[in-house]
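Residues per chain are reported as follows:
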Amino acid sequence: MLNLQMDDGGLAICKEVASFHKNILGTGIIKNGELTASYVKQNVPFPNEIKLKKILLQSHFITALAKSNEDYFGKLDYVMIRWQNSDIFLFALDHSVPELFAFRIVAPYNHERLIRKVSDYFNKANHRDDS
């Protein structure tokens, strides 16, 4: 689990992770089904308000379902969803309320290298907050 201080609303985190790969279309922090911070690259279509709310709530459900099996599989790192035209990654943040970090990316990209970079970023941020 990740533990980050969101003193700037998370915008800096969203922008920084978006810079990790040219094919990342957008990033966001989802808290209680609401988008609390986001960064979307220019000319990337954004869903209307009703569709966005549905997608955000579904993200929480998907992650909660995966987390419910941690007793068997071990600690959940992330959930990946692959569609025909893009992939979504969801990382559970460690807070007292349901909070996720999400990003959308299009192929080609190196899955393992990208996840390692994102995980390392959050692990370093987590250690900074613990001191």
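See the structure printed just above.
Quick summary incoming for the structure in this document. (Residues numbered from 1 in each chain as written. Predicted model: local features only at pLDDT ≥ 70, side-chain atom pairs only at ≥ 80, totals over all residues. Heavy atoms only, no water.)

**Re the nonpolar core**
A general trend in soluble globular proteins is that nonpolar side chains are found buried together. Formed by 20 residues in total, the largest nonpolar core has its most connected members in Val 17, Phe 101, Phe 103, Leu 114 and Val 118. Counting only elements with at least two residues in this core, the list comes to α1 (11-18), β1 (24-31), β4 (87-93), β5 (99-105) and α4 (111-130). Here the element with the most residues in this core is α4; it accounts for 5 residues. Those residues within four positions of Val 17 in sequence are excluded, and the remaining contacts are Ile 24, Thr 27, Phe 101, Val 118, Tyr 121 and Phe 122. (Core = buried A, V, L, I, M, F, W, Y, C linked by side-chain atoms within 4.5 Å. Buried < 20%, exposed > 50% of the residue type's maximum accessible area, 1.4 Å probe, protein only. Helix = DSSP H or I, 4+ residues; strand = E, 2+ residues; numbered from the N terminus. Contact = heavy atoms within 4.5 Å.)

**Digging into the layout of surface pockets**
Volume-wise, the largest pocket comes out at about 650 Å³. Around the largest pocket, the lining comprises 28 residues; the ones closest to its centre are Pro 47, Leu 52, Ile 55, Ile 88 and Arg 104. When residues of the lining of the largest pocket are traced back to their parent elements, those giving at least two are β1, β2 (34-40), α2 (49-67), β4 and β5. Per-element tally for the lining of the largest pocket: the top contributor is α2, with 7 residues. Looking at the lining of the largest pocket, its residues break down into 18 nonpolar, 8 polar and 2 charged. (1 Å grid on protein atoms, 1.4 Å probe; cavity = no way out; pocket = protein on both sides within 12 Å on 5 of 7 lines; lining within 4 Å. Points joined across faces, edges and corners; volume = space filled by probe spheres on them. Nonpolar A, V, L, I, M, F, W, Y, C, P; charged D, E, K, R; others polar.)

**Looking at unusual backbone geometry**
Look at the link from Ala 107 to Pro 108: it is a cis peptide, with omega at 5°. The residue Pro 108 is located in the loop between β5 and α4 in this model. Not every positive phi belongs to a glycine, and Asn 32 is a case in point at roughly 50°. Mapped onto the secondary structure, Asn 32 falls in the loop between β1 and β2.

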